[in-house]
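Here are the chains, one letter per residue:
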Amino acid sequence: LREHSERIVESLPVGILELDADLKVRAVNPYLEERGVRSGARLSEALPRAGSAEIAALESLVRESRQAHATRERLFLRMHLG
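None of these values were measured; they are calculated from a predicted model. Residue numbering note: each chain is counted from 1, following its sequence as written. For this predicted model, a pLDDT threshold of at least 70 governs which residues receive local features, and a threshold of 80 or more governs which side-chain atom pairs are given and counted, while totals over whole chains, interfaces and linings are taken from all residues. The side-chain figures draw on all heavy atoms in the structure; neither hydrogens nor water molecules are used.

Some details on the environment of glutamate 18
Rules: Helix numbers and strand numbers start at the N terminus; a helix is a DSSP run of H or I with at least 4 residues, a strand a run of E with at least 2. Per-residue accessibility, obtained with a 1.4 Å probe over protein chains only, is compared with the maximum for each type, and a residue is labelled buried under 20%, exposed over 50%, and partly exposed between these values. In this description, contact between two residues means that some pair of their heavy atoms is separated by no more than 4.5 Å.
Relative to the elements of secondary structure, glutamate 18 occurs in strand β1 (residues 17-19). Accessibility expressed as a relative area gives 37% for glutamate 18, which makes it partly exposed. Separated by 21 residues in the primary sequence, glutamate 18 and serine 39 place their C-alpha atoms 9.0 Å from one another. Non-local contacts of glutamate 18, meaning those with residues more than four positions away in its chain, are made with Lys24, Val25, Arg26 and Ala27.

Quick notes on the nonpolar core
Selection criterion: We call a set of buried Ala, Val, Leu, Ile, Met, Phe, Trp, Tyr and Cys residues a nonpolar core when their side-chain atoms join them within 4.5 Å.
Judged by nonpolar contacts, the single largest core of 14 residues is most densely connected at Leu19, Val37, Leu43, Ala46 and Leu47. Of all elements in the fold, only β2 (25-28), α3 (43-46) and α4 (52-67) reach the threshold of two or more residues within this core. Not counting residues up to four positions away in its chain, the partners in contact with leucine 19 are Lys24, Val25, Arg26, Leu43 and Val62.

Brief notes about the pairing of β2
When a strand is regular, its side chains alternate between the sheet's two faces. Definition in use: DSSP calls a pair of strands paired once it identifies at least 2 bridges connecting them.
Relative to β2, β1 runs antiparallel, the two being bridged by three bridges. From the neighbouring strand, leucine 17 faces β2, where its bridge partner is valine 28. Between β1 and the antiparallel strand that follows it, β2, lie five residues; leucine 23 among them carries a positive phi value of about 65°.

Some thoughts on unusual backbone geometry
With the exception of glycine, most residues fall at negative phi, and the peptide bonds are largely trans. Unlike most non-glycine residues, leucine 23 shows phi in positive territory, near 65°. Topologically, leucine 23 is positioned in the loop between β1 and β2. Exposure remark for leucine 23: the relative accessible area of 11% places this residue in the buried category.

Some thoughts on the side chain of asparagine 29
Note that asparagine 29 resides in the loop between β2 and α2 (30-33). Assessed through its relative accessible area of 3%, asparagine 29 is described here as buried. With near-sequence residues (within four places) excluded, asparagine 29 lies in contact with Val9, Leu12, Val14, Gly15 and Ile16.

A look at α4
The α-helix advances 3.6 residues per turn, and as a result positions three or four apart in sequence lie on the same side. Formally: Every helix has an expected span of 1.5 Å times one less than the residues it contains. Directions are taken from the helix axis to each C-beta atom, and the arc is the one they span.
Compared with the 22 Å implied by 1.5 Å per residue over 16 residues, the 22 Å span of α4 between its first and last C-alpha is a close match. Along α4, the positions that sit buried rather than exposed are Ile55, Leu58, Val62 and Ser65. Taken end-on, α4 shows its buried residues confined to a sector of 95°, consistent with a single buried face. In this structure, α4 carries Ser52, Ala53 and Gln67 as exposed residues pointing more than 90 degrees from its buried face. On its buried face, α4 is in contact with β1 and α3.

Dropping the structure here:
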């Protein structure tokens, strides 16, 4: 099941990334990787086309999920970065 889920995420035509508590990129799917997003980068460096409002919204989402201990909830923010 895990392998199947990973294949689905890898084949999606949208960007998916995982952030750690310090807002560094832990993992990206191939869609973002092909666009230059790399693990280890800070959020603002990973998404250089994102404006300050989008970065702030993502940072807020991470903070809220940590405060709510929402590690198992499905939290997302849809963004169009051009």
